[in-house]
Amino acid sequence: MGKNIFVSYKYADTLVNTLNKTESINFGGKWFSLPRVTKVRDYVDELQSILDNEDHINLGEKDGESLKDFSEGYIESSLKKKIFRSSVTIVMISKGMKEIYSLENDQWIPWEISYSLKEITRDDRTSRMNAILGIVLPDENNSYEWYYTENPACNCTTHHTDKLFNILNRNMFNMKNPTESSCNGLVIHHGDFSFIKTVKWSDFKSYPNVYLNKAIEIREAKDNYKITKTV
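K.L.:
It is not clear to me how the sheet that holds strand β12 (residues 197-200) should be interpreted in this structure. Could you clarify?
P.N.:
The strands that make up a sheet are held in pairs by hydrogen bonds between backbone atoms, and each pair lies either parallel or antiparallel. Spatial strand order, β1-β4-β7-β12: four strands in an open sheet with parallel pairing. The outermost strands of the open sheet, each flanked by one partner alone, are β1 (5-8) and β12. Here the average twist between neighbouring strands, direction ignored, is 25°. Inspection of the sheet shows strand β7 (residues 131-136) paired to β12 by four bridges, in the parallel sense. By the bridge assignment, Leu133 is partnered in β12 with Lys197.

K.L.:
Quick question: what am I supposed to make of the nonpolar core here?
P.N.:
Nonpolar side chains in soluble globular proteins tend to be buried together. Core analysis: the largest hydrophobic core is formed by 44 residues, its most contacted members being Leu47, Ile90, Met92, Ile113, Ile135, Leu168 and Phe204. Counting only elements with at least two residues in this core, the list comes to β1, α1 (40-50), β4 (88-93), α3 (108-117), β7, α4 (166-170), α5 (201-206) and α6 (208-220). Here Met92 is in contact with Val7, Ser8, Tyr9, Val40, Tyr43, Val44, Leu47, Met97, Ile135, Leu137 and Trp201, once residues within four sequence places are set aside. With eight residues, the next largest nonpolar core counts Leu79, Trp111, Tyr115 and Ile120 among its residues.

K.L.:
Please explain the pattern of salt bridges as it appears in this structure.
P.N.:
It is possible for side chains of opposite charge to pair when their charged atoms get near one another. The full count for this structure, using the stated rule, is 12 salt bridges. Notably, a salt bridge pairs Asp42 with Arg36, separated by 2.8 Å at the nearest N-O pair. Accessibility expressed as a relative area gives 4% for Asp42, which makes it buried. Classification of Arg36 by relative accessible area gives partly exposed; the value is 27%. The residue Glu220 makes a salt bridge to Arg128 at a minimum N-O spacing of 2.8 Å. Taken as a pair, Glu220 in helix α6 and Arg128 in the loop between β6 (125-126) and β7 lie far apart in primary sequence, 92 residues in all.

Each value, and the rule that gives it
- Residues numbered from 1 in each chain as written.
- Predicted model: local features only at pLDDT ≥ 70, side-chain atom pairs only at ≥ 80, totals over all residues.
- Heavy atoms only, no water.
- Pairing = 2+ DSSP bridges.
- Helix = DSSP H or I, 4+ residues; strand = E, 2+ residues; numbered from the N terminus.
- Axes fitted to C-alpha atoms, helices over the stretch in contact; angles between N-to-C directions.
- Core = buried A, V, L, I, M, F, W, Y, C linked by side-chain atoms within 4.5 Å.
- Buried < 20%, exposed > 50% of the residue type's maximum accessible area, 1.4 Å probe, protein only.
- Contact = heavy atoms within 4.5 Å.
- Salt bridge = Lys/Arg side-chain N within 4 Å of Asp/Glu carboxyl O.

See the structure below:
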């Protein structure tokens, strides 16, 4: 069954692996096709192609738009109408998604996640909390190590959630009664330990419906998690 999907992403982040995109340049009356830098927006275009058999919505804000001068009421009005009809929010997690010199509440992604997690009433109808799936993109070196660190000795993976927006960080490893074990001084989490599940771009491409359905399954078990809904 098709899903209505809202995509949250940093439009112009270029700290991602190249997708070999080109642009047309007119020089001396002739058109030339030249290589250009890949942006996260290009991955969103690829995502739309992958989900072409699904009903999906791509309503991410334009890069560079600021919320710092907007009131809480304006933000709510602007975002809730875009997210209202969706049931799943995909967050494109990229190396440069955060503007480190800007407050998080001045950036779009945290607000989009926040409103995805809330039950919004509009026209006498109340939407459900969205399921949320984070797709981790490879960096400019075609590596996921900026976020995932594999530990073969313990057969586990470290997630560097400290590199994410706080609202993402707080909704990961947030199961109320997690199943844990230890290995070489590390605490190993098992099962669906995060309300916001993450997946590598390369894995999502192979099995998109598996991961979308898993995010929905986790949403159905939301009472098992300590969920943070505010920026």
